[in-house]
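For reference, the chains in residue letters:
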Amino acid sequence: MQEPAVAEVRTTCPYCGVGCGVLARVTPDGSVSVRGDPEHPANFGKLCSKGMALGETTGLEGRVLAPEIGGREASWDDALDLVARRFTDTVGRYGPDSVAFYVSGQLLTEDYYVANKLMKGFIGSANIDTNSRLCMASSVAGHRRAFGEDIVPGIYEDFEQADLVVLAGSNTAWCHPIIYQRLLAARRKRGTKIVVVDPRRTATAEEGDLHLAIDPGTDVLLFNGLLAHLARSNVIDESFVAGRTSGLAIALDAAAADAPSIESVAEGCGLNSGDVRLFYELFAATERSITVYSQGVNQSVHGTDKVNAIINCHLATGRIGRPGMGAFSVTGQPNAMGGREVGGLANQLAAHMSFESTQDIETVSRFWNAPNIARKAGLKAVDLFRAAGDGRVKALWIMGTNPAVSMPDAGRVRAALKACDFVVVSDIIRTDTTRFADVLLPAAGWGEKSGTVTNSERRISRQRPFLPLPGAARPDWKIVCDVARRMGYGHAFSFDGPAAIFREHAALSTYENAGERLFDIGAFAGVTEAEYDGFTPVCWPVSRDGASADRLFGDGCFPTADGRAFFVAVRQQSVAQAVDATRPISLNTGRLRDQWHTMTRTGRVPRLMSNAPEPLLEIAAEDAIRYELADGDLASVSSPYGLARAKVKVSSSQKPSSAFLPMHWSGQFAANAGAGPLATPLADAVSGQPELKHVPVKIVREEVAWQGVLITRRYLRPTGFVHWSRQTVSGGWIYELCGTETPDQGILLSRQFMEAYRREELLEYTDRRGLNYRAAAIDDDGAMAEALLVSPQGQLPSRDWLVSLLGSRVPLSGAERMALLSGRSPVPTPSIGRIVCSCFNIGVNQIAVSVAAGCRSVGEIGEHIRAGTNCGSCRAEIRKIIDEARLQAAE
Ligand SMILES: Nc1nc2c(c(=O)[nH]1)N[C@H]1C(S)=C(S)[C@@H](COP(=O)(O)OP(=O)(O)OC[C@H]3O[C@@H](n4cnc5c(=O)[nH]c(N)nc54)[C@H](O)[C@@H]3O)O[C@H]1N2
Ligand SMILES: Nc1nc2c(c(=O)[nH]1)N[C@H]1C(S)=C(S)[C@@H](COP(=O)(O)OP(=O)(O)OC[C@H]3O[C@@H](n4cnc5c(=O)[nH]c(N)nc54)[C@H](O)[C@@H]3O)O[C@H]1N2
Ligand code: SF4
Ligand SMILES: [Mo]
């Protein structure tokens, strides 16, 4: 029978700032299928592993489906009335600055616009900040200092048209996989050189032509050295500098003072001078150069200076705004850019206007008809949560972000959420943050909501719904407008849908804008519903008279008062908190390939969890010896702010005295394995962006005596274990458990944990010495429902077969039942091993088999078993596996 054709809906991926187009549809069996949109100019049909798995994230498990007040289900009317009343009362008693919103780049532009309008225009405070403070604030500040406005001048084609691409503090292969693949494809044709500046040898660095493993926080020195070198090599574009910029002489003096020679730069950055020279000469000789940067640059106490040090080099050479040239800040979240356009940051106004200009304030006030508009900047994220903790902020509304996990000094943030009088959280699922909500509001998620997002190249695309709103969930824009109405501002929030909000946003961008502000999307001020529905992706600006430009600044005109770009003189500062004898390791935190932030969506997908199933602390071999740690050992990590525990992975990617912990694991997935509680709240003085890439820590081995693994269909909440983590697998979950108690006590604890819930028939076995315990529960159909294995540390048998039984749910044969407690299949079945290629579900063992069968390159592996042929982010890992397998074979 032929399947009925279900229309595909054209939408956009809700993960990274690449902003790939997605075609999604609900299949006849009710599941969601996705593929890349061949017509979207960001990805031309490709998707990375996370995008490919989007269809597996739309299930309703864990979703918040009804409003809750004090943990009890409530009606929308009651919940909205309460939120409006508490915000109104608090403002009435303590003034507008006693309330705050903390919002997110997960929101659509329309949601963001109304949240910002409500707080800044009508409540009259600028206490609305966003998780973009942790993400893009330094780029925003750097752009404004250099260009007068927050502008990313380039477009993705520049990745393909450059001859040199410098990736600074950006693990592009994992974090912006599709533009990275576009870059690699172009490199195969034109031989683009790739230089990676990152203290870690990341997957990106593995494929680069040159990896500069700089010491953390020394980027200003490196780029000051480059500027000085460019001047020495006479590649300054004198006419561009003279005609289109100001401030070079002072910036050069600062650079020369910092970096008198290549040797001094090398020494200060922890590099060898040959590598530094190579980089400088390459940059000097290559006109078509772009420097791409993200969190290794932004998330720093000198983040804004790093940004300007980079931009200075591009201004000095006039390499900006032309094909294959420019400084390119790649944004993190799907709508980080849209948030900047509506002014979601506490120090911005709306439509790229700012509190520094009285004229801007008057313009927005007039446009909104909002005499009560805020007139000064509000609290930035770190200060905002401090204020919530000490009672200055008494009512706080969090939308679409999980600060209990993702803020630095997260322990203090949790304490603040507990202390704050009134906390509202709008989210789609239950998180570590929703635990603190006095009022919890169910928001519409990806696939349900409708609106626009802007990606890293300023391209506005639609997100369109293809699923019904589940339960009582409502889109964020509607929730905000309903509260605004109840607060008495109905006249300004009477939008009947996202298109109406978008029209107003577009109209504001062009209002009293005679070209002073490049952000102008006036062309859309009058879009009809039909035009909004059919909106095709477009890069702004698109002004009312139809003027548009893909690249900006190519004409040498900048949105400053005199039209010139500005060189900012910057000096390398010492790191804010240096390592010392008590905390000798610099802890760096960031992302893994297949997880998205606090794992609220990617953590549900077995194939996305398989590449890195547990939170691991990566350390260098030298430190492993020094601290007596080996792979799989448990370590505690303590910073001046908090403590975490994670198993150790000894990694050749780490420099000595440095460690890396992923940012992803929340309390939903592990006990105290998060990076947030360790991270420092110290922030860049200009941008307010906290230093999430360096904090001094002490690492201590924990003497683990026993280890257990529970493989189960049940979603459980382990308590009382020194360390646990949860992995989502097909059919259920795996709980890794371990402890410092004796093995027999470990068995007792683990059994209690399992018994507390179990109902099925149980088979059990304990060895004579009482050190090893095995149990398996059989359901009514005779299939395995659960298995528990406990052994002394390091002695757990393989669990692959048991995990496959959980997924299959097939009744066990007699032989299988007998074999259950041994954990070994009666008929040996090869395990595919840890997943390497998550797009095609290909494991490490399958790759090893292909190598044994004669595959010698990543390309050959791809032809043999498809691994690495879709998004390609696993190619560096495949190459390593080939090398290792061949080495072993040679030994
Ligand atoms: N898979 C995946 N992709 C994502 C996300 C995700 O959660 N998962 N999140 C998205 C978001 S919101 C963002 S902001 C982006 C972030 O994308 P990236 O910025 O690429 O990611 P990070 O891993 O945070 O950090 C990048 C690199 O900075 C390096 N670094 C640390 N300190 C320094 C330093 O002092 N100097 C230099 N030069 N480098 C340093 C780190 O070692 C790290 O490899 O990713 C987006 N894409
Ligand atoms: N240690 C460390 N910490 C970091 C970083 C780091 O590198 N290291 N990086 C920082 C950066 S760059 C970022 S961007 C942040 C990200 O940190 P968070 O913003 O806290 O991360 P997410 O897990 O993306 O949280 C988004 C939340 O929004 C919910 N959500 C999704 N869609 C919607 C929607 O449409 N409406 C509503 N109301 N809710 C929705 C999700 O369920 C989820 O709970 O983390 C920062 N924290
Ligand atoms: S690169 Fe991957 S995560 Fe980023 S937008 Fe594209 S599909 Fe989504
Ligand atoms: Mo981000």
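The preceding data block contains the structure.
Residues numbered from 1 in each chain as written. Chains lettered and ligands numbered in written order. Predicted model: local features only at pLDDT ≥ 70, side-chain atom pairs only at ≥ 80, totals over all residues. Heavy atoms only, no water.

*Asks:* Where do I start with the site of ligand 3 in this structure?
*Replies:* Every residue close to ligand 3 is listed here: C13, Y15, C16, V18, G19, C20, L47, C48, K50, G51, P177 and I178. Secondary-structure elements contributing two or more residues to the shell around ligand 3 are α1 (49-52) and α7 (177-190). (Near = heavy atom within 4 Å. Helix = DSSP H or I, 4+ residues; strand = E, 2+ residues; numbered from the N terminus.)

*Asks:* Mind showing me how you'd approach the site of ligand 1 here?
*Replies:* For ligand 1, the set of nearby residues contains 34 residues, the closest of which are D198, G217, D219, R591 and Q595. K50 has a polar side-chain atom sitting 3.2 Å from a nitrogen atom of ligand 1. Contact distances for ligand 1 include 2.9 Å between a nitrogen atom and a backbone N or O atom of R593. For ligand 1, the accessible surface in isolation is 900 Å², of which the surrounding protein chains cover 99%. Partitioning the shell around ligand 1 into residue classes produces ten nonpolar, 16 polar and eight charged. Mapping the shell around ligand 1 onto the domain boundaries places at least three of its residues in each of domain 3 (137-329) and domain 4 (585-698). (Polar contact = N/O pair within 3.5 Å; in protein donor to acceptor, adjacent residues only side chain to side chain. Areas by Shrake-Rupley, 256 points an atom, 1.4 Å probe, with all protein chains shown as cover. Nonpolar A, V, L, I, M, F, W, Y, C, P; charged D, E, K, R; others polar. Domains from an automatic or database assignment.)

*Asks:* I keep staring at the sheet that holds strand β17 (residues 451-454) and nothing clicks. Help me out?
*Replies:* To summarise the sheet geometry, strands pair through backbone hydrogen bonds and adopt either a parallel or an antiparallel arrangement. Reading across the sheet, the three strands line up as β17-β18-β19 and stay open at both edges, with antiparallel pairing between neighbours. This sheet does not close on itself; its edge strands, each paired only once, are β17 and β19 (538-539). Taken together, the four bridges between β17 and strand β18 (residues 459-463) define a ladder with antiparallel strand orientation. Looking across to β18, one finds that T452 is bridged to R462. (Pairing = 2+ DSSP bridges.)

*Asks:* I would appreciate a short explanation of the nonpolar core in the present structure.
*Replies:* Nonpolar side chains tend toward joint burial in soluble globular proteins. Judged by nonpolar contacts, the single largest core of 121 residues is most densely connected at F87, F101, L222, F223, F279, W397 and F493. Here this core gathers at least three residues from each of two domains, domain 2 (68-129 + 348-497) and domain 3 (137-329). With residues up to four places along the chain from it excluded, the contact list for F223 reads V166, A168, F279, T291, A309, I310 and C313. V152, L183, A203 and M337 belong to the second largest nonpolar core, which has 66 residues in total. (Core = buried A, V, L, I, M, F, W, Y, C linked by side-chain atoms within 4.5 Å. Buried < 20%, exposed > 50% of the residue type's maximum accessible area, 1.4 Å probe, protein only. Contact = heavy atoms within 4.5 Å.)

*Asks:* What is the right way to look at the packing of helix α29 (residues 844-852) against helix α30 (residues 858-865) in this model?
*Replies:* To characterise two packed helices, one gives the angle between the axes of the helices and the distance between these axes. Closest axis-to-axis distance for the α29/α30 pair is 10 Å, and the angle between their directions is 105 degrees. With respect to each other, α29 and α30 are oriented roughly perpendicular. Packed against α29, whose contacting residues are Q846, I847, S850 and V851, the element α30 presents I861, H864 and I865 at the interface. In terms of residue class, the contact of α29 with α30 is made up of four nonpolar, three polar and no charged. (Axes fitted to C-alpha atoms, helices over the stretch in contact; angles between N-to-C directions. Parallel < 35°, antiparallel > 145°, perpendicular 65-115°, else oblique.)

*Asks:* When you look at the pattern of salt bridges in this model, what are you seeing that I'm missing?
*Replies:* A side chain with one charge may pair with a side chain of the opposite charge, provided their charged atoms come close. What the rule picks out here adds up to 51 salt bridges. Across the salt bridge formed by E703 and R701, the nearest N and O atoms sit 2.9 Å from each other. Overall, the relative accessible area of 29% leaves R701 in the partly exposed class. The residue E877 makes a salt bridge to R834 at a minimum N-O spacing of 2.9 Å. Within this pair, whereas E877 is found in helix α31 (residues 875-890), its partner R834 is found in the loop between α28 (814-819) and β33 (835-837), the two being separated by 43 residues in sequence. The network of salt bridges with shared partners includes R474, K478, D482 and R485. (Salt bridge = Lys/Arg side-chain N within 4 Å of Asp/Glu carboxyl O.)

*Asks:* For this particular structure, what's the right way to read unusual backbone geometry?
*Replies:* Most peptide bonds are trans, and most residues other than glycine sit at a negative phi. P541 follows W540 through a cis peptide bond whose omega is 0 degrees. Note that P541 resides in the loop between β19 and β20 (565-566). Not every positive phi belongs to a glycine, and N234 is a case in point at roughly 60 degrees. With relative accessibility at 68%, the residue N234 sits in the exposed group.

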